[in-house]
Protein chains: 2
Amino acid sequence: MITLSVDAMGGDIGLAVTVPAAVSFLAKEPNVRLMMVGDETLLRDALQATSAPMQRIEIVHASEVVGMDEAPQHALKHKKQSSMRLAIEQVKSGNAQAAVSAGNTGALMATARFVLKTLPHVDRPAIAKFLPAQDGKVTLMLDLGANVDCTAEQLVQFAVLGSELVAALYPDKKTPRVGLLNIGTEDIKGTEVVKQTFGLLRESSLHFVGNVESNAIFGGEVDVVVADGFVGNVVLKTIEGAVKFMGSAIKEEFNRNVFTKMGALGALPALNGFKKRLDPRRFNGAIFLGLRGVVIKSHGGTDAVGFEYALAEAYHEAQADSLAKIEQGVSAALLALEEKRLIGQTGSLH
Amino acid sequence: MITLSVDAMGGDIGLAVTVPAAVSFLAKEPNVRLMMVGDETLLRDALQATSAPMQRIEIVHASEVVGMDEAPQHALKHKKQSSMRLAIEQVKSGNAQAAVSAGNTGALMATARFVLKTLPHVDRPAIAKFLPAQDGKVTLMLDLGANVDCTAEQLVQFAVLGSELVAALYPDKKTPRVGLLNIGTEDIKGTEVVKQTFGLLRESSLHFVGNVESNAIFGGEVDVVVADGFVGNVVLKTIEGAVKFMGSAIKEEFNRNVFTKMGALGALPALNGFKKRLDPRRFNGAIFLGLRGVVIKSHGGTDAVGFEYALAEAYHEAQADSLAKIEQGVSAALLALEEKRLIGQTGSLH
């Protein structure tokens, strides 16, 4: 039995999204218990109106809610009874194996770092996400915005974290292929930090395939793509923007005249398949990676379908016992790299 | 009469692309002369087989060709008789109003900088491109890869250059809206350099609308989007990757079974409209901005249709006399900003 804690009040809409998602998720997954964290009265009312299996739901009362625009430091100091904070504390105390929230990203990251702390040898957690690639494959990309100014050492930590996560979640990917996001595949490309990172990754025990350009994300030739949080976030939003732009372009073309409109009728099954395949809700659920606990961030504006995908991501990680595997792997990889570099430095003194 | 110089040997294929593109372009534009720069014998043979109006074509012999993988410094030192170099020199000497090349980007930029020099007050040239936005609009984005590590002052120069280019090319956009690419619209977002740039742009005489996220490129809410060359190049390649990925996804959906295949027949006019709208060849022609001369870079792998769009971009700039306007505007804007900052610094001493 896996237990997930849910920040039931988080997100732009809160209960009206989290409760239906939880009910639908429980109906599909018989081996899950949910701790719904939020206003007890409101939660009880919302759940009562549903067919939820109450024996697999525990309501944890939280008297406060973190606002979607609230400053992370404010939330950390003044919202100690928030649904977000208490949901994360369930993971800290071991009551739950993963927490899910659609709340304010900055506050969620600050709270998760404060409550759970980072893994040994990891300076800062990163935000990671599986993105759709060709032939139904997925590519893990990180960091997606937690760290804008990164050192080469931090980028290497992200690479190790990403590699360990993929290995933990996918038994057929024991040595994930890691690529460094760059503006060309040649060794000499990129900013100073990216060039340093390239050198470090080449010395690491990872399956480092070298520099990759952003189209590699879609190609499925790599399992992990590493970038700093500024570049990663820009890539993510560019993909979202491009998908939306192309979606409206195709709509406009089918609405052009009576013939194209008739054509759209026959094309509906394919168009719906296309729409479904790129539905951003299916890729909802960003992973806070590098913490001593599993925290999944749902998009704040998603609906119940999207939030259910975030719950599924949390379940997948908890089931695979990803955290224990990552902790072990990260320690080994980062220690080995550190040793190699120390030897290298000593060597160069002679 | 406008004269363009064409590096006829540049690109993955060279003459087989540049010659048909030139012939087709001359047929459409009666007020253009082309200087075709390359191997005289090969050029004459290639042109003879066409219906080209020879009275509007001048062949300029060049005995060398810059390789697509040749190091920029090597090309600069050892290929002084290359088609690329001689094409740019036609602009320097005033024989042509703009040069077009599908050659190696690094070598083209190094050669263009060396031969033409930068505009006053401009440290380094940038690569800019018009990208497709909603409702047939376009957004100019820069830098697309010429400068990976940028200072705030350089980013401001790019903003000024981009704004002046749009104002010069589009009479209805006298004060182009300039956005700074960031990972959120709040003032406090971004890397240290981006935050500094934000401060400088706010003091500038530009119509600065603030931080924009990358989806703003498609929205048409801004006319110019500024980023460093690393981020800009990543955005460009992410768009290219996303468009290709979605194109193959839609193909796969229509090939799924006999019903979807039948549906595709009726949908063909709309699908072709969609394909045409996002055809990357229509957006071929990157602009080297900040030089004392107009240089347009065509994609190295494009076909004759794509190369013709690059010729059209060069023609558009030459016709609008964009260079003279940009030179004047850039001087005024950068001097005004410099003065303001000096006053600000003096003021803060009291």
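Residues numbered from 1 in each chain as written. Chains lettered and ligands numbered in written order. Predicted model: local features only at pLDDT ≥ 70, side-chain atom pairs only at ≥ 80, totals over all residues. Heavy atoms only, no water.

## A look at the overall build of chain A
Part 1 of the reasoning: Of the regular secondary structure elements, chain A holds twelve helices and eleven strands.
Part 2 of the reasoning: Along the three orthogonal principal directions, the C-alpha set of chain A runs to about 75 × 60 × 35 Å.
Part 3 of the reasoning: For chain A, with 350 residues in total, the buried portion stands at 58%.
Part 4 of the reasoning: Sequence separation of at least 24 residues holds for 70% of the intrachain contacts in chain A that already meet a minimum separation of 6.
Part 5 of the reasoning: Of the roughly 14500 Å² of accessible surface on chain A, a fraction of 54% belongs to carbon and sulfur atoms. (Helix = DSSP H or I, 4+ residues; strand = E, 2+ residues; numbered from the N terminus. Buried < 20%, exposed > 50% of the residue type's maximum accessible area, 1.4 Å probe, protein only. Contact = heavy atoms within 4.5 Å. Areas by Shrake-Rupley, 256 points an atom, 1.4 Å probe, with all protein chains shown as cover.)

## Concerning the relation of the copies chain B and chain A
Part 1 of the reasoning: With an RMSD of 0.0 Å, chain B superimposes on chain A once it is rotated by 180° and translated 0.0 Å along the axis. Taken together, the turn and the small shift mark the pair as related by a two-fold rotation axis.
Part 2 of the reasoning: Looking at chain B, 98% of its interface residues are interface residues in chain A too, so the copies touch through the same face. (Least-squares fit on C-alpha atoms with pLDDT ≥ 70 in both.)

## Quick word on the sheet that holds strand β6 (residues 138-142) of chain A
Residues and elements named next belong to chain A.
Part 1 of the reasoning: Taken together, eleven strands build an open sheet; the order of strands is β3-β2-β1-β4-β11-β10-β5-β6-β9-β7-β8 and the sheet is mixed. Looking along the sheet, the strands with just one partner apiece sit at the ends: β3 (57-61) and β8 (207-212). Averaged over all neighbouring strand pairs, the angle between strand axes comes to 25°, with direction disregarded.
Part 2 of the reasoning: Contacting β1 (2-7), β2 (32-38), β3, β4 (98-101) and β11 (294-297), helix α4 (residues 83-92) crosses the sheet at an angle of about 165° to β1.
Part 3 of the reasoning: Along the sheet face, helix α9 (residues 229-254) touches β5 (126-132), β6 and β7 (177-181) and points at about 30° away from the line of β5. (Pairing = 2+ DSSP bridges. Axes fitted to C-alpha atoms, helices over the stretch in contact; angles between N-to-C directions.)

## Details of the interface of chain B and chain A
Part 1 of the reasoning: Counting residues at the interface gives 51 residues for chain B and 50 residues for chain A.
Part 2 of the reasoning: For the pair chain B and chain A, the summed buried area comes to about 4500 Å², and 73% of that belongs to carbon and sulfur atoms.
Part 3 of the reasoning: Our count for the contact surface shared by chain B and chain A stands at six salt bridges.
Part 4 of the reasoning: Joining chain B to chain A, the criterion identifies 14 residue pairs in polar contact (both at pLDDT 80 or more).
Part 5 of the reasoning: Residue assignment for the side of chain B that touches chain A shows that the elements contributing at least two residues are α7 (192-203), α9 (229-254) and α10 (258-277) of chain B.
Part 6 of the reasoning: Considering each element in turn, the side of chain B that touches chain A owes the most residues, 20 residues, to α9(B).
Part 7 of the reasoning: Grouping the constituent residues of the side of chain B that touches chain A by class yields 25 nonpolar, 17 polar and nine charged. (Buried area = accessible area lost by both parts, 1.4 Å probe. Salt bridge = Lys/Arg side-chain N within 4 Å of Asp/Glu carboxyl O. Polar contact = N/O pair within 3.5 Å; in protein donor to acceptor, adjacent residues only side chain to side chain. Nonpolar A, V, L, I, M, F, W, Y, C, P; charged D, E, K, R; others polar.)

## Observations regarding the packing of α9(A) against α10(B)
Part 1 of the reasoning: Running from amino to carboxyl end, α9(A) crosses α10(B) at an angle of 140°, the nearest separation of the two axes being 8 Å. It follows from the interaxial angle that α9(A) and α10(B) lie oblique. In this structure, α9(A) crosses over α10(B), and the sense of that crossing is right-handed. Residues A:M246, A:A249, A:I250, A:E252, A:E253 and A:F254 of α9(A) form the contact with α10(B), whose own contacting residues are B:A267, B:A270, B:L271, B:G273, B:F274 and B:R277.
Part 2 of the reasoning: Along the lines of polarity and charge, the residues of the contact of α9(A) with α10(B) split into eight nonpolar, one polar and three charged. (Parallel < 35°, antiparallel > 145°, perpendicular 65-115°, else oblique. Left-handed = near helix turned anticlockwise from the far one by under 90°.)

## Observations concerning the sheet that holds strand β2 (residues 32-38) of chain B
All names here are of chain B.
Part 1 of the reasoning: Strand order across the open sheet formed by eleven strands is β3-β2-β1-β4-β11-β10-β5-β6-β9-β7-β8, with mixed pairing between neighbours. Looking at which strands have only one partner, the edges of the open sheet turn out to be β3 (57-61) and β8 (207-212). Across the sheet, the axes of successive neighbouring strands diverge by a mean angle of 25°, strand direction being ignored.
Part 2 of the reasoning: Sheet analysis places strand β1 (residues 2-7) next to strand β4 (residues 98-101), joined by three bridges and oriented parallel.

## Focus: the domain arrangement of chain A
All names here are of chain A.
Part 1 of the reasoning: Taken domain by domain, chain A consists of domain 1 (1-117 + 291-319) and domain 2 (135-282 + 322-349).
Part 2 of the reasoning: For domain 1 and domain 2, the distance between their C-alpha centres works out to 26 Å.
Part 3 of the reasoning: Each partner contributes residues to the interface: domain 1 has 13 residues there, and domain 2 has eight residues.
Part 4 of the reasoning: Broken down residue by residue, the surface that domain 1 buries against domain 2 is led by Y309, H316 and E317, which jointly contribute 49%. (Domains from an automatic or database assignment.)

## A short note on the packing of aromatic side chains
Part 1 of the reasoning: Evaluation of the coordinates by the stated rule reveals eight aromatic pairs over all chains.
Part 2 of the reasoning: On the numbers, 5.4 Å between centres and 75° between planes, the contact of A:F198 with A:F208 is edge-to-face. Of this pair, A:F198 sits in helix α7 (residues 192-203) while A:F208 sits in strand β8; the two residues are ten residues apart in sequence, bridging distant segments of the chain. The burial state of A:F198 is the same as that of A:F208; both residues are buried.
Part 3 of the reasoning: Taken together, a centroid distance of 5.8 Å and an interplanar angle of 80° make the contact between B:F130 and B:Y170 edge-to-face. (Phe/Tyr/Trp six-rings, centres within 6.5 Å; stacked < 30°, edge-to-face > 60°.)

## Comments concerning the pairing of β8(B)
All names here are of chain B.
Part 1 of the reasoning: Note that strand β7 (residues 177-181) and β8 share five bridges and pair parallel. Across the sheet, the residue bridging to R177 is H207, located in β8.
Part 2 of the reasoning: In the classification by handedness, the crossover that spans β7, the intervening α7 and the parallel β8 is right-handed. (Right-handed = clockwise from strand over helix to strand, strands pointing away.)

## Topic: the side chain of B:Q90
Residues and elements named next belong to chain B.
Part 1 of the reasoning: Here Q90 lies in helix α4 (residues 83-92).
Part 2 of the reasoning: Judged by relative accessible area, which is 10%, Q90 ranks as buried.
Part 3 of the reasoning: When neighbours within four sequence positions are excluded, Q90 is seen to be in contact with S5, M35, V60, N95 and A96.

## Digging into the packing of α4(A) against helix α5 (residues 105-116) of chain A
Residue and element names in this part refer to chain A.
Part 1 of the reasoning: Where α4 contacts α5, the axes come no closer than 10 Å and their chain directions differ by 35°. Crossing of α4 over α5 shows right-handed handedness. Where α4 approaches α5, its residues M84, R85, I88, E89, V91 and K92 are matched on the opposing element by A107, L108, T111, A112, F114, V115 and L116.
Part 2 of the reasoning: In the contact of α4 with α5, the residues fall into nine nonpolar, one polar and three charged.

## A few points about the state of the cysteines
Part 1 of the reasoning: Tallied over the full model, the rule gives zero disulfides over all chains.
Part 2 of the reasoning: With no disulfide of its own, A:C150 has B:C150 as its nearest cysteine by sulfur position, at a separation of 18 Å. (Disulfide = S-S within 2.5 Å.)

## Describing a nonpolar patch on the surface
Residues and elements named next belong to chain A.
Part 1 of the reasoning: Residues V258, F259 and M262 make up a contiguous nonpolar surface patch of roughly 370 Å² in combined accessible area.
Part 2 of the reasoning: For F259, the location among the structural elements is in helix α10 (residues 258-277).
Part 3 of the reasoning: Taking the relative accessible area as the measure of exposure, F259 reaches 64% and is therefore exposed. (Patch = residues over 30% accessible without salt bridge, like charges linked within 9 Å, V, L, I, M, F, W, Y side chains within 5 Å.)

## Here's the deal with the pattern of salt bridges
Part 1 of the reasoning: According to the stated counting rule, one finds 30 salt bridges over all chains in the structure shown.
Part 2 of the reasoning: Note that B:E253 and B:R256 form a salt bridge whose closest N and O atoms lie 2.9 Å from each other.
Part 3 of the reasoning: B:R256 sits in the exposed class, given a relative accessible area of 54%.
Part 4 of the reasoning: When salt bridges with common partners are traced through the structure, they connect A:E252, A:E253, A:R256 and B:R277 into a single cluster.

## Quick look at the confidence of the model for chain A
Part 1 of the reasoning: With 97% of its residues at a pLDDT of 70 or more, chain A has an overall mean of 92.
Part 2 of the reasoning: Taken over the whole predicted complex, pTM reads 0.91, whereas the ipTM for its chain interfaces reads 0.88. (pLDDT = per-residue confidence, 0-100.)

## Regarding the pairing of β3(B)
Residue and element names in this part refer to chain B.
Part 1 of the reasoning: Of the strand pairs in this sheet, β2 and β3 are connected by five bridges, and their pairing is parallel. Residue pairing in the sheet places V37 in a bridge with V60 of β3.
Part 2 of the reasoning: Tracing the backbone out of β2, into helix α2 (residues 40-48) and back to the parallel element β3 gives a crossover that is right-handed.

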